Amino acid sequence: MSKFLVRNCDLGNLDDLSVKRVDILIENSRFAKIAERIDAREAYGATVIDAHGMLALPGFTDTHTHMYQTFIKGPLDDIPITDWLIKLFRIEDIMDEEDYYYATLLASLSSLRFGTTTVNEMGSFEYLDPIIQAFEDAGIRVTYGTSTTDVAENPETPIMSIDEALRRSEILYSKVHGRNNGLMKASVAPAGLPAVSREMAQALKKFANAKGIVYHTHLGEGKMETQNVADKYGLNGECEALYEFGILDKNTLLAHSIWLSDHEIDLIAQSGANPVHCPNTNMKISDGIPKIAQMLQKGINVAMGCDGEASSSTRDMVREGRAGSYLQKAITLDPTVMDAGTTFKMMTVNGARALGYDDLGVIREGNQADMILVNMEDDLAVVDNDHRIGNLLYAGDGHNIDTVFVRGELKVRNKKIQCFDEQQIIDICQRRIHNLNERIRKM
Ligand SMILES: [Zn+2]
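Computed from a prediction, not measured in an experiment: that's the story for all the values here.

**Some points on the overall build of the protein**
Next up, step 1: Scanning the protein from terminus to terminus reveals 16 helices and 18 strands.
Next up, step 2: Reported as C-alpha extents along the three principal axes, the dimensions of the protein are approximately 65 × 45 × 45 Å.
Next up, step 3: The burial tally for the protein puts 60% of its 443 residues in the buried class.
Next up, step 4: With the model as given, the accessible surface of the protein reaches about 17,400 Å², and the carbon-plus-sulfur share is 48%.
Next up, step 5: A gap of 3 Å separates the mean positions of the 46 positive and 64 negative side-chain charges of the protein.

**Comments concerning the domain arrangement of the protein**
Next up, step 1: Under the domain assignment used here, the protein contains domain 1 (4–58 + 366–417) and domain 2 (60–354).
Next up, step 2: Taken over C-alpha atoms, the centre of domain 1 sits 29 Å from the centre of domain 2.
Next up, step 3: Listed as interface residues are 27 residues of domain 1 and, on the opposing side, 32 residues of domain 2.
Next up, step 4: Across the domain 1/domain 2 interface, buried area totals approximately 2,300 Å², and carbon plus sulfur atoms make up 63% of it.
Next up, step 5: Of all residues in domain 1, Leu 393, Tyr 394 and Arg 407 give up the largest surface area on contact with domain 2, accounting jointly for 28% of the area buried on that side.
Next up, step 6: At the boundary of domain 1 and domain 2, one finds two salt bridges.
Next up, step 7: A salt bridge links Lys 345 to Asp 15; its shortest N-O distance comes to 2.5 Å.
Next up, step 8: Taken together, domain 1 and domain 2 are joined by ten residue pairs in polar contact (both at pLDDT 80 or more).
Next up, step 9: Elements that contribute at least two residues to the side of domain 1 that touches domain 2 include exactly strand 5 (55–58), helix 15 (388–394), strand 16 (401–406) and strand 17 (409–413).
Next up, step 10: Looking at the side of domain 1 that touches domain 2 element by element, the count peaks at five residues for helix 15.
Next up, step 11: By residue class, the composition of the side of domain 1 that touches domain 2 is 16 nonpolar, five polar and six charged.

**Considering the sheet that holds strand 11 (residues 252–256)**
Next up, step 1: Spatial strand order, 13-12-11-10-9-8-7-6-14: nine strands in an open sheet with parallel pairing. Across the chains shown, the open sheet's two edge strands, defined by having one partner strand only, are strand 13 (303–304) and strand 14 (307–308).
Next up, step 2: For strand 11 and strand 12 (residues 274–277), the ladder comprises three bridges, and the chain directions are parallel. Pairing of Ala 255 across the sheet is with Val 276, part of strand 12.

**Description of the packing of helix 1 (residues 81–94) against helix 16 (residues 422–441)**
Next up, step 1: Look at helix 1 against helix 16: their axes get within 10 Å of each other, and the N-to-C directions meet at 125°. On the basis of the axis angle, helix 1 is oblique to helix 16. The chirality of how helix 1 crosses helix 16 is right-handed. Contacts from Lys 87, Ile 91 and Ile 94 of helix 1 reach helix 16 at Leu 436, Arg 439 and Ile 440.
Next up, step 2: A class-by-class count of the residues in the contact of helix 1 with helix 16 yields four nonpolar, no polar and two charged.

**As for the packing of aromatic side chains**
Next up, step 1: One pass over the full model with this rule turns up eight aromatic pairs.
Next up, step 2: When the ring of Phe 60 is compared with that of Phe 344, the centres are 6.2 Å apart and the planes differ by 20°; the resulting orientation is stacked. Of this pair, Phe 60 sits in strand 6 (residues 60–66) while Phe 344 sits in helix 13 (residues 340–347), and the two are 284 residues apart along the sequence. The same class applies to Phe 60 and to Phe 344, which are both buried.

**Considerations on the coordination of the zinc ion**
Next up, step 1: Coordination of the zinc ion by the protein comes from His 64 (NE2), His 66 (NE2), His 218 (NE2) and Asp 307 (OD), over a distance range of 2.1 to 2.7 Å.
Next up, step 2: Donor residues binding the zinc ion come from one chain and are separated in sequence as H-x1-H-x151-H-x88-D. Taken as a pair, His 64 in strand 6 and His 218 in strand 10 (residues 214–219) lie far apart in primary sequence, 154 residues in all.

Reading the values: rules and limits
Throughout this document, residue positions are counted from 1 along each chain, in the order its sequence is written. It should be noted that, the model being predicted, local features are given only for residues of pLDDT at least 70 and side-chain atom pairs only at 80 or more, the latter also being counted only at that level, while totals for whole chains, interfaces and linings use all residues. Side-chain numbers come from the whole structure's heavy atoms, not from hydrogens or water. Secondary structure elements follow DSSP: runs of H or I of four or more residues count as helices, runs of E of two or more count as strands, with numbering from the N terminus. Throughout this description, buried means an accessible area under 20% of the type-specific maximum (1.4 Å probe, protein chains only), exposed means over 50%, and partly exposed covers the range between. Only the protein chains shown count as cover for residues, with accessible areas throughout obtained via the Shrake-Rupley method and a probe of 1.4 Å. Here the positive residues are Lys and Arg and the negative ones are Asp and Glu; neither His nor the chain ends is included. The atom standing in for a charge is NZ when the residue is Lys, CZ when it is Arg, CG when it is Asp and CD when it is Glu. An automatic or database domain assignment supplies the start and end points of every domain. Whether two residues touch is decided by their heavy atoms; if any such pair falls within 4.5 Å, the residues are in contact. When two parts are put together, the accessible area they lose, computed with a 1.4 Å probe and summed over both, is reported as buried area. A carboxyl oxygen of Asp or Glu within 4 Å of a side-chain nitrogen of Lys or Arg is what we treat as a salt bridge. Here a polar contact is recorded for every N or O atom pair within 3.5 Å, except that within protein the pair must consist of a potential hydrogen donor and a potential acceptor, and residues adjacent in sequence are included only if both atoms are side-chain atoms. Residues are grouped as follows: Ala, Val, Leu, Ile, Met, Phe, Trp, Tyr, Cys and Pro are nonpolar; Asp, Glu, Lys and Arg are charged; all remaining types, including Gly, are polar. One bridge is not enough; two strands pair if DSSP finds at least two bridges between them. Working convention: axes come from line fits to C-alpha atoms, limited for helices to the stretch in contact. Angles between N-to-C directions cover 0 to 180 degrees. Here roughly perpendicular refers to angles of 65 to 115 degrees, roughly parallel to angles under 35, roughly antiparallel to angles over 145, and oblique to all remaining angles. Crossing handedness follows the turn of the near helix against the far one: under a right angle anticlockwise gives a left-handed crossing, and clockwise gives a right-handed one. Classification of ring pairs uses Phe, Tyr and Trp, with its six-membered ring standing for Trp, and accepts pairs whose centres are within 6.5 Å; under 30 degrees between planes counts as stacked, over 60 as edge-to-face, and the remaining range as tilted. Metal donors were taken as nitrogen, oxygen and sulfur atoms no farther than 2.8 Å from the ion, or 3.2 Å where the ion is Na, K or Ca. Water is excluded, so coordination may look unfinished.

Shown next, in the form of structure tokens:
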């Protein structure tokens, strides 16, 4: 296990946006000591990182992802949502095992490059082995669930029985949970009630409760689909249905959460469930705008996610946070909502908490050492050392992140991925994406 002494970094305070110059000792994958000065003898054997002038923040938690979609950013641009979903399913079917491996690897490496240390993936079961191998090779922290459906929302929706879903959940749990020295966790991931029956939702929730894992689903993303669910069950909304089915609690993650009544927001607040805001997707595929400011005001633990790149086109959590903050300011006519500190907490500790961690997402002695160092001294766009936290969010982007630690291991240094040759991965992925695009054209 590695040992690092990070010298002279400026530790960001997300409550008041101040910074404090400190040394940080990382040992046994945790923050062992944080102090104004750590004596070299205390850090004997540590690799010293000179972080002078760099802002230290917790690593980002990308709390809703479909990483394999990194290969299909282009083919799904600018088309209506129903066609988008059908085309997405068809493309997934013509991707092969190596496409899934490299797409997941590319997404994991670009996430790390942009400061994301944890992802919450809703992915494939058919290609589980190459996908989890890619996550393991990249060394990113991941919670993994397999997208599950049993209601034909469109002609391409994959249908399976509840028994089959439980069989897959059991296999996934045994292969994934605790893998890579505990960096991987399993989840259940029913896609969402437009494509999931009440019985399937309840069976998977029961499985999740028995295993102590999270229930990760989409909620209230499409306006029409949300109304269809409400009509089907004679209720006022999709969230009410989840509540009635006994799904809502603090171990439930609700990606999007757009089409909710005020009453449903109260149900989420009472239950402790965790909405995940994915604003770039919500804008690009015209889903709508969730009432995030209202949720925050009610004390709801809202996290953030980049979703899949077929809908968001990005793995950059800074761009995601900025988009979310601007949208809420614009629709509420209130510039104080989703302020920089709140937005960075949504991008870090709120996601970690939603995924069941109580020792992640905050740089504190004893916590797991997932941390980023931000270098804003080589970028014309972000010159102003007195407002670095706000400037990173509003003027910067993921390219400003210089150094990334995942559980005390160095993943990015000097803005370069450490465990792979970046150019080699880019070349391989360019070839594979071009080849896939040729197959898509013939579809
Ligand atoms: Zn999604």
